[in-house]
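Fold and contact review
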There are 2 protein chains.
Amino acid sequence: MYNIDSRSAIPVYEQLKRQIMLSIVSGRLDDGDKLPSIRELAAALRINPNTVAKTYRQLETDGFVTSRKGLGVFITTGNRELQSNRIEIFEELTDEYISKAAGLGLTADEIMKGLERSLKGEIEHDKNE
Amino acid sequence: MYNIDSRSAIPVYEQLKRQIMLSIVSGRLDDGDKLPSIRELAAALRINPNTVAKTYRQLETDGFVTSRKGLGVFITTGNRELQSNRIEIFEELTDEYISKAAGLGLTADEIMKGLERSLKGEIEHDKNE
DNA sequence: TCATCTGTATTACTATCATAGTACAGTAGT
DNA sequence: ACTACTGTACTATGATAGTAATACAGATGA
């Protein structure tokens, strides 16, 4: 399911938020799909329910999901808040990303393949056993 | 120089650490080069000297730099193999890029197409093209 | 109605992050 | 010696992050 590294400098709620966002934008989670319940996901990831609740709350603020008391949390691609200048911002992000990756010595092909791999959610952290 | 986002969920000391590591692995900082002094860099980035000191301390623990009291902090890559760091840093860059783009409301497909388009304009083609 | 699930809210506690300020020790140039 | 740098160390404070436990409210099915 999802992968949490408690030793990471990135907060747990942020790690989880990023992975769920990635699942949504890559189409693995679709409009109307139900996320695991807060308590269920917390138990599965061995983290605190409050931390999962914080993630879900932020995802709702960003328009990715909608919470319904007694029912659960559901994907909502409809009412996402889009910035008017998001294209320009995205192009700046892209230029910056390319610049850094090229500085590392990566070719255009390697950059594309690396991005594709990460978009597919292929995460490889040091997993023992 | 370096870029700090105080609103990011990633701690300031970690943002700075990643950027300095990127400079080293990219070759912009070479063996023996002197980093800005703690107080100088803190003033330039408008962050606390203790935070810069923490970054430098961790970089020293990781073997990227050596601190000398009264003199400064110097790059010491030695005969370290930077190849493993290269991939690790690229994956961190990619994760950051995807998270920001997804936060803008872009789908995985849009991200891939946008990157591909920018790559064609910005990177010199290799000989095997 | 009752049990059991769901999200939500609150309090308490610990650890980390970042800040501010002070102080001490090593190096170099005048 | 003096000054001005350098890294290092320490205390203190406030904001976040994460955990733990409890309670409340809405939804569902027996």
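Residues numbered from 1 in each chain as written. Chains lettered and ligands numbered in written order. Predicted model: local features only at pLDDT ≥ 70, side-chain atom pairs only at ≥ 80, totals over all residues. Heavy atoms only, no water.

1. Focus on the protein's contact with DNA strand C
In the region of DNA strand C, 24 residues are neighbours, and Val12(B), Tyr13(B), Asn48(B), Thr51(B) and Lys54(B) sit closest. Taking all atoms of DNA strand C within 4 Å of the protein, the share assigned to sugar and phosphate is 61%. A distance of 2.3 Å is found between a phosphate oxygen of DNA strand C and a backbone nitrogen or oxygen belonging to Val12(B). Note that a phosphate oxygen of DNA strand C is positioned 2.5 Å from one of the side-chain N or O atoms of Lys54(B). Mapped onto the surface near DNA strand C, the elements with two or more residues apiece are α2 (38-45), α3 (49-61), β1 (65-68) and β2 (72-75) of chain A together with α1 (12-26) and α3 (49-61) of chain B. Residue contributions to the surface near DNA strand C peak at 3 residues, all from α3(B). Its residues assigned to classes, the surface near DNA strand C shows 8 nonpolar, 9 polar and 7 charged. (Near = heavy atom within 4 Å. Polar contact = N/O pair within 3.5 Å; in protein donor to acceptor, adjacent residues only side chain to side chain. Helix = DSSP H or I, 4+ residues; strand = E, 2+ residues; numbered from the N terminus. Nonpolar A, V, L, I, M, F, W, Y, C, P; charged D, E, K, R; others polar.)

2. Quick word on the environment of Ala101(A)
Relative to the assigned elements, Ala101(A) resides in helix α4 (residues 86-103). If we ignore the near neighbours within four places in the chain, the residues touching Ala101(A) are Leu106(A), Ile111(A), Phe90(B) and Leu93(B). (Contact = heavy atoms within 4.5 Å.)

3. Brief notes about the pattern of salt bridges
All told, the structure shown has 14 salt bridges over all chains when counted by the stated rule. For the salt bridge of Glu96(B) with Arg18(A), the shortest nitrogen-to-oxygen distance reads 2.7 Å. Taken together, the residues span two chains, with Glu96(B) in helix α4 (residues 83-103) and Arg18(A) in helix α1 (residues 12-25). An identical accessibility class is assigned to Glu96(B) and Arg18(A); each is buried. Asp5(B) is the partner of Arg7(B) in a salt bridge, and the nearest nitrogen-oxygen pair spans 3.2 Å. The class for Arg7(B) is exposed, based on a relative accessible area of 74%. Taking the relative accessible area as the measure of exposure, Asp5(B) reaches 30% and is therefore partly exposed. Several salt bridges share partner residues, and in doing so they unite Glu14(A), Arg18(A) and Glu96(B) into one network. (Salt bridge = Lys/Arg side-chain N within 4 Å of Asp/Glu carboxyl O. Buried < 20%, exposed > 50% of the residue type's maximum accessible area, 1.4 Å probe, protein only.)

4. Examining the domain arrangement of chain A
Splitting chain A by domain gives domain 1 (12-75) and domain 2 (86-119). Taken over C-alpha atoms, the centre of domain 1 of chain A sits 27 Å from the centre of domain 2 of chain A. (Domains from an automatic or database assignment.)

5. Brief notes about the protein's contact with DNA strand D
DNA strand D sits among 24 residues. The nearest are Val12(A), Tyr13(A), Asn48(A), Thr51(A) and Lys54(A). Protein-adjacent atoms of DNA strand D, using a 4 Å cutoff, are sugar or phosphate at a proportion of 61%. Contacts to DNA strand D include Tyr13(A), whose side-chain N or O atom sits 2.7 Å from a phosphate oxygen. At 2.9 Å from a base nitrogen of DNA strand D is found a side-chain nitrogen or oxygen belonging to Asn50(A). Broken down by secondary-structure element, the contributors of at least two residues to the surface near DNA strand D are α1 and α3 of chain A together with α2 (38-45), α3, β1 (65-68) and β2 (72-75) of chain B.

6. Concerning the packing of aromatic side chains
In total, this model carries 3 aromatic pairs over all chains according to the counting rule given. For the ring pair Tyr97(A) and Phe90(B), a centre distance of 6.3 Å and an interplane angle of 15° mean the geometry is stacked. Of this pair, Tyr97(A) sits in helix α4 while Phe90(B) is found in helix α4, placing the two residues in two different chains. Accessibility classification places Tyr97(A) together with Phe90(B) in one group, the buried group. Each ring, one from Tyr97(A) and one from Tyr97(B), has its centre 4.4 Å from the other, and the planes form 5°; the classification is stacked. Linking Tyr97(A) in helix α4 with Tyr97(B) in helix α4, this pair reaches from one chain into another. Neither residue differs from the other here; Tyr97(A) and Tyr97(B) are each classed as buried. Here the aromatic residues Phe90(A), Tyr97(A), Phe90(B) and Tyr97(B) are joined through ring pairs into a cluster of three or more. Sitting over the face of the ring of Tyr13(B), Lys54(B) holds its NZ or CZ atom 4.3 Å from the ring centroid. Directly above the ring of Phe74(B) sits Arg68(B), whose terminal nitrogen or CZ lies 4.7 Å from the centroid. (Phe/Tyr/Trp six-rings, centres within 6.5 Å; stacked < 30°, edge-to-face > 60°. Lys NZ or Arg CZ within 6 Å of the ring centre and 35° of its normal.)

7. Concerning the packing of α4(A) against α4(B)
Packed helix pairs are specified by the crossing angle of their axes together with the interaxial distance, meaning the distance between the axes. Their axes nearest at 10 Å, the elements α4(A) and α4(B) cross at an angle of 175°. What the angle tells us is that α4(A) and α4(B) run roughly antiparallel. In this structure, α4(A) uses Phe90(A), Leu93(A), Thr94(A), Tyr97(A), Lys100(A) and Ala101(A) to contact α4(B), whose residues at the interface are Phe90(B), Leu93(B), Thr94(B), Tyr97(B), Lys100(B) and Ala101(B). Here the residues of the contact of α4(A) with α4(B) are counted per class, giving 8 nonpolar, 2 polar and 2 charged. (Axes fitted to C-alpha atoms, helices over the stretch in contact; angles between N-to-C directions. Parallel < 35°, antiparallel > 145°, perpendicular 65-115°, else oblique.)

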